[in-house]
Each structure stands twice: as C-alpha cells, then as structure tokens.
Amino acid sequence: MDSRIKQIADANGFKVICNKTFEEIGELNTALARYQAERDAHYAGIVEDLMIHDEVRDDFVSELADVEITTKQLIYNLHLEKEVKDMVEYKINRQLERMGKNDKV
C-alpha cells in the first residue's frame, strides 16, 4: 500500500476516514449519475455524438479517485489488506463463473 495513504490514515484516524468515505461515496454517486445521464442521452438519440463533457468526465474521475483513496485508508486502518484482497479474488472468480468464463490465474 502507498505509504502516503498510510500517512494520511494515521493522521486522520478511523472516525475521520469513515466520515470522509461517506462523503466521497455520495459525491461519486452524484458524479456517476451525471456521467450515465450523458451516455443515456446519446444512446436514446437525444444527442448525436457520444461526447461526455469534460467537466462531467473529470468530476467522475476525481470522485472515483477520492473513493479509492478513502477506501484504501479504511483497509489500512482496519488491517484488512489480506481479507479484502482475498474477497476481491473470490468475487471476481464468482462473477466469471456466473458468466461461464472462469479462467483462474
């Protein structure tokens, strides 16, 4: 894990990290809804070109990054690195099995 994320997590502590994560997930939800709305407008024929406006795209990317940073802080703060890594592997493999495409590495 990035030592800078550890440094931020150590300075903030669990309660601050939780509150920030709640905030960032809410902001990601809003940014994703805006991003999806622009894509839907294209596919519904409302706009001809599939062009996500830079502001909408940039906001979406920024919020994705914020959520990744805060969730990594939670993982580090709660010492869940192995458990989360194992669960990610399990869930990826389960989804591939559901799709009939399980090529475990």
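Note that this is a predicted model, so its numbers are computed, not measured.

1. Digging into the overall build of the chain
Right, on to step 1. Across its full length, the chain carries 3 helices and 0 strands.
Right, on to step 2. For the chain, the N- to C-terminal ordering of α and β elements is α-α-α.
Right, on to step 3. Residues counted as buried form 23% of the 105 residues belonging to the chain.
Right, on to step 4. Restricting the contact set of the chain to residue pairs at least 6 apart, pairs at least 24 apart contribute 65%.
Right, on to step 5. In the form shown here, the chain has an accessible surface area of approximately 8000 Å², with 55% of it arising from carbon and sulfur atoms.

2. Let's talk about a nonpolar patch on the surface
Right, on to step 1. A cluster of nonpolar residues, Phe-14, Leu-78 and Leu-80, forms a patch on the protein surface that exposes about 240 Å² of accessible area.
Right, on to step 2. On the secondary structure map, Leu-78 appears in the loop between α2 (54-77) and α3 (81-98).
Right, on to step 3. Classification of Leu-78 by relative accessible area gives partly exposed; the value is 39%.

3. Structural notes on unusual backbone geometry
Right, on to step 1. Of note in the backbone geometry, His-79 takes a positive phi value of approximately 55 degrees without being a glycine.
Right, on to step 2. By the element assignment, His-79 lies in the loop between α2 and α3.
Right, on to step 3. On the basis of relative accessible area, His-79 is assigned to the exposed category, the value being 60%.

4. Observations concerning the packing of aromatic side chains
Right, on to step 1. As enumerated under the stated definition, the model contains 1 aromatic pair in all.
Right, on to step 2. With a centroid separation of 4.7 Å and 25 degrees between ring planes, the pair formed by Tyr-35 and Phe-60 is classed as stacked. Taken together, the positions of Tyr-35 in helix α1 (residues 3-43) and Phe-60 in helix α2 put the pair 25 residues apart, joining distant regions of the chain.
Right, on to step 3. For Phe-60, a relative accessible area of 15% puts it in the buried group.

5. With respect to the nonpolar core
One broad trend across soluble globular proteins is that nonpolar side chains are buried collectively.
Right, on to step 1. Judged by nonpolar contacts, Leu-28, Ala-31, Tyr-35, Val-56, Phe-60 and Val-67 together constitute the single largest core of 6 residues.
Right, on to step 2. When contributions to this core are tallied by element, the ones reaching two or more residues are α1 and α2.
Right, on to step 3. Those residues in contact with Leu-28 that sit more than four places away from it in its chain are Phe-60, Glu-63, Leu-64 and Val-67.
Right, on to step 4. With 5 residues, the next largest nonpolar core counts Ala-9, Ile-17, Cys-18 and Tyr-76 among its residues.

6. Considerations on the confidence of the model for the chain
Right, on to step 1. Of the residues in the chain, 86% reach a pLDDT of 70 or more, and the chain-wide mean stands at 90.
Right, on to step 2. In the model of the chain, α1 stands out as the element of lowest mean pLDDT, 94, in contrast to α3, which has the highest, 97.

7. Here's the deal with the pattern of salt bridges
Right, on to step 1. Summed over all chains, the structure comprises 7 salt bridges.
Right, on to step 2. A salt bridge links Glu-24 to Lys-20; the shortest N-O distance between them is 3.1 Å. Residue Glu-24 and its partner Lys-20 are both found in helix α1; the two are separated by 4 residues, about one turn of the helix.
Right, on to step 3. Exposure remark for Glu-24: the relative accessible area of 4% places this residue in the buried category.

Criteria and thresholds
- Residues numbered from 1 in each chain as written.
- Predicted model: local features only at pLDDT ≥ 70, side-chain atom pairs only at ≥ 80, totals over all residues.
- Heavy atoms only, no water.
- Helix = DSSP H or I, 4+ residues; strand = E, 2+ residues; numbered from the N terminus.
- Buried < 20%, exposed > 50% of the residue type's maximum accessible area, 1.4 Å probe, protein only.
- Contact = heavy atoms within 4.5 Å.
- Areas by Shrake-Rupley, 256 points an atom, 1.4 Å probe, with all protein chains shown as cover.
- Patch = residues over 30% accessible without salt bridge, like charges linked within 9 Å, V, L, I, M, F, W, Y side chains within 5 Å.
- Salt bridge = Lys/Arg side-chain N within 4 Å of Asp/Glu carboxyl O.
- Phe/Tyr/Trp six-rings, centres within 6.5 Å; stacked < 30°, edge-to-face > 60°.
- Core = buried A, V, L, I, M, F, W, Y, C linked by side-chain atoms within 4.5 Å.
- pLDDT = per-residue confidence, 0-100.

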